[in-house]
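Listed here are the chains, written in short residue letters.
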Amino acid sequence: MAHEDTAGPLPLVVVPGMLCDASLWGDVDFPEGHDVHHIPLRRADIGALAEDVLATVPGPFVLVGLSLGAIVGFEALRRAPERIAGLCVMATNAGAPRPEQYAAWRAMDELIAAGRFTDVVERTLPDMFPDRCPTPEGARRYRAMAHAVGATAARAQLAAQATRADASGALRKARCPTVVLAGARDTLCPPAFHRAIADAVPGAALTLLPDAGHLLPWQEPQAVTAALRELVAAATRTAPATAAP
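Residues numbered from 1 in each chain as written. Predicted model: local features only at pLDDT ≥ 70, side-chain atom pairs only at ≥ 80, totals over all residues. Heavy atoms only, no water.

**Q** Pulling in residues and values, what's your account of the overall build of the chain?
**A** On a plain count of helices and strands, the chain comes out with nine helices and six strands. The C-alpha atoms of the chain give a radius of gyration of 17 Å, which matches the 18 Å a tight globule of 245 residues would have. Going through the 245 residues of the chain one by one, you find that 54% of them count as buried. The contacts in the chain between residues at least 6 apart in sequence include a share of 76% that link residues at least 24 apart. Taken as a whole, the chain presents about 10,500 Å² of accessible surface, with 54% of it coming from carbon and sulfur. Placing the 22 positive and 26 negative side-chain charges of the chain at their respective mean positions leaves the two points 5 Å apart. (Helix = DSSP H or I, 4+ residues; strand = E, 2+ residues; numbered from the N terminus. Rg over C-alpha atoms; globule rule 2.2 N^0.38 Å. Buried < 20%, exposed > 50% of the residue type's maximum accessible area, 1.4 Å probe, protein only. Contact = heavy atoms within 4.5 Å. Areas by Shrake-Rupley, 256 points an atom, 1.4 Å probe, with all protein chains shown as cover. Lys, Arg positive; Asp, Glu negative; His and termini not counted. Charge placed at Lys NZ, Arg CZ, Asp CG, Glu CD.)

So, in structure tokens, the structure goes:
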């Protein structure tokens, strides 16, 4: 399906990770003059979430995703590569789910169904921080964000995780400027995951942030800001080639 180019600066469509919301990006200075659209993750299927992303704006846009948000971005890229003028993914994994992940997601869903959402928040908390060692302020901030997302959305996100597929085919076909950011101390999505993504996308740039864990926009906001500004500039230069005629 063809889409007309948008007039003016490319919009950014920004997708957070599981148990995250728009506050994840509060320390990031998005490029001035570009509309920024934050997408909540409230559907139980990766494909449906990708359609939410694609329906947000007409024409080409820059897609920014962290963790589950990046996985949604991979599916949007697979469905409509001509719409993605630039891609920034971080703290993520393009591979298919592993058996132990399915088991962990089921266990967390059962806890939430039993009224123990707080237990799930506490279970996920260490993985958000460098070497699984949160600071008191970081832990407080994460708990507040996760509880703002809430149990209902968390269950939908867990179900969506189980509908993931390997994204390497879509990544190999990508032709847009692409930035991959990884925290060197991310124990949930280690650097090797991001090297595989960067190797799959022609011309992708990989940046390894030595002191960061999983929540890069909190832990390295200046690096994320700089990467987005460079990406948007590159996407703006190449957008006419990436938009459908």
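**Q** I'd love a proper account of the side chain of Q157, names of residues and values included.
**A** On the secondary structure map, Q157 appears in helix α5 (residues 136-161). Among all residues touching Q157, those that are not within four sequence positions of it are M18, L19, L41, L68 and V149.

**Q** If you had to explain the pairing of strand β6 (residues 205-209) to someone new, which residues and values would you point to?
**A** By the bridge criterion, five bridges tie strand β5 (residues 178-183) to β6 in an arrangement that is parallel. Within the sheet, the bridge partner assigned to A182 lies in β6 and is L208. Handedness of the β5-helix α7 (residues 191-200)-β6 crossover: right-handed. (Pairing = 2+ DSSP bridges. Right-handed = clockwise from strand over helix to strand, strands pointing away.)

**Q** Hey, could you go over helix α1 (residues 46-55) for me, with residue numbers and the actual values?
**A** Counting buried positions along α1 yields seven of ten residues, so the element is predominantly enclosed. Along α1, the residues classified as buried are I46, G47, A48, L49, A50, V53 and L54. Check the buried side of α1 and you find it contacts β1 (12-15), β3 (61-66), α2 (68-79) and α5. At the N-terminal boundary of α1, the capping side chain belongs to D45, with an oxygen 2.9 Å from the backbone nitrogen of G47. (Polar contact = N/O pair within 3.5 Å; in protein donor to acceptor, adjacent residues only side chain to side chain.)

**Q** Before we move on, could you go through the sheet that holds β5 and cite the residues and values that matter?
**A** Sheet architecture is open: six strands sit in the order β2-β1-β3-β4-β5-β6, paired in parallel fashion. Strand pairing shows two members of the sheet lacking a second neighbour, β2 (36-38) and β6, which therefore form its edges. Averaged over neighbouring strand pairs, the angle between their axes works out to 15° when direction is ignored. The sheet contacts of α7 involve β4 (84-90), β5 and β6, and relative to β5 the element is tilted by about 170°. (Axes fitted to C-alpha atoms, helices over the stretch in contact; angles between N-to-C directions.)

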